[in-house]
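Read off the chains here:
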Amino acid sequence: MNNKLLINFNLSEIAEGAVQAKFAKEVEKVCKNILDLNTDATKKRKITISLTYIPNDQRNSVDVVVETKSTLAPQVGTSTTMLLDRDLNTGYMAANELKSKIPGQTYIDIEDGKVKTDTGKSVDDLESGQNSKSDEVESKDNVINLQKN
């Protein structure tokens, strides 16, 4: 008995090249994920090509379902610090991102070159009285004038 099999089923040619096209799409996703600076550069990525064979009752015909799937590196998390406070006189709560990295310290904003408070408010605007109503509510009773007699 001759057990030779003649198999003419090339991945790049089956389904009129659809498998190759699916694979290329997943390769593109992987490449974009590798180039994304918000992902870990050294994490492994994976492409899986799955072929499911479904034969008929006579065993002379087989439906082949091809699926491709990529496993990508997740986005790297970011963190920041939020300052919380409550005005004991009014009961208003305030929450701001700590921009200077040290509570109470001013910093120079690299975007506009202005000196800003630890929560990102312009010191020039605060000193000239151009703060918003919400700033006034927050700071109204908290300002101590050391120059008053």
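Everything that follows concerns the structure shown earlier in this document.
(A) Quick look at the pairing of strand E2 (residues 62–71). Pairing between strand E1 (residues 46–55) and E2: ten bridges, direction antiparallel. Residue Leu51 lies in a different strand from E2, and its bridge partner there is Val66.

(B) Seen up close, a nonpolar patch on the surface. The grouping of Leu5, Ile7, Phe9, Tyr53 and Val62 at the surface amounts to a nonpolar patch, some 570 Å² of accessible area in total. With a relative accessible area of 69%, Leu5 lands in the exposed category.

(C) Region of the structure containing helix H1 (residues 18–35). Along its 18 residues, H1 runs 26 Å from first to last C-alpha, staying within 8% of the 26 Å computed at 1.5 Å per residue. Of all the positions in H1, only Val19, Glu26, Val30 and Asn33 are classed as buried. In a view along the axis of H1, the buried residues occupy a sector of 60°, so they form one face of it. Counted as exposed and oriented over 90 degrees from the buried face of H1: Lys25, Lys32 and Leu35. For H1, the secondary structure elements touched by its buried residues are E1 and E2.

About the thresholds
Residues numbered from 1 in each chain as written. Predicted model: local features only at pLDDT ≥ 70, side-chain atom pairs only at ≥ 80, totals over all residues. Heavy atoms only, no water. Pairing = 2+ DSSP bridges. Helix = DSSP H or I, 4+ residues; strand = E, 2+ residues; numbered from the N terminus. Patch = residues over 30% accessible without salt bridge, like charges linked within 9 Å, V, L, I, M, F, W, Y side chains within 5 Å. Areas by Shrake-Rupley, 256 points an atom, 1.4 Å probe, with all protein chains shown as cover. Salt bridge = Lys/Arg side-chain N within 4 Å of Asp/Glu carboxyl O. Buried < 20%, exposed > 50% of the residue type's maximum accessible area, 1.4 Å probe, protein only. Expected span 1.5 Å × (residues − 1). Arc of directions from axis to C-beta. Contact = heavy atoms within 4.5 Å.

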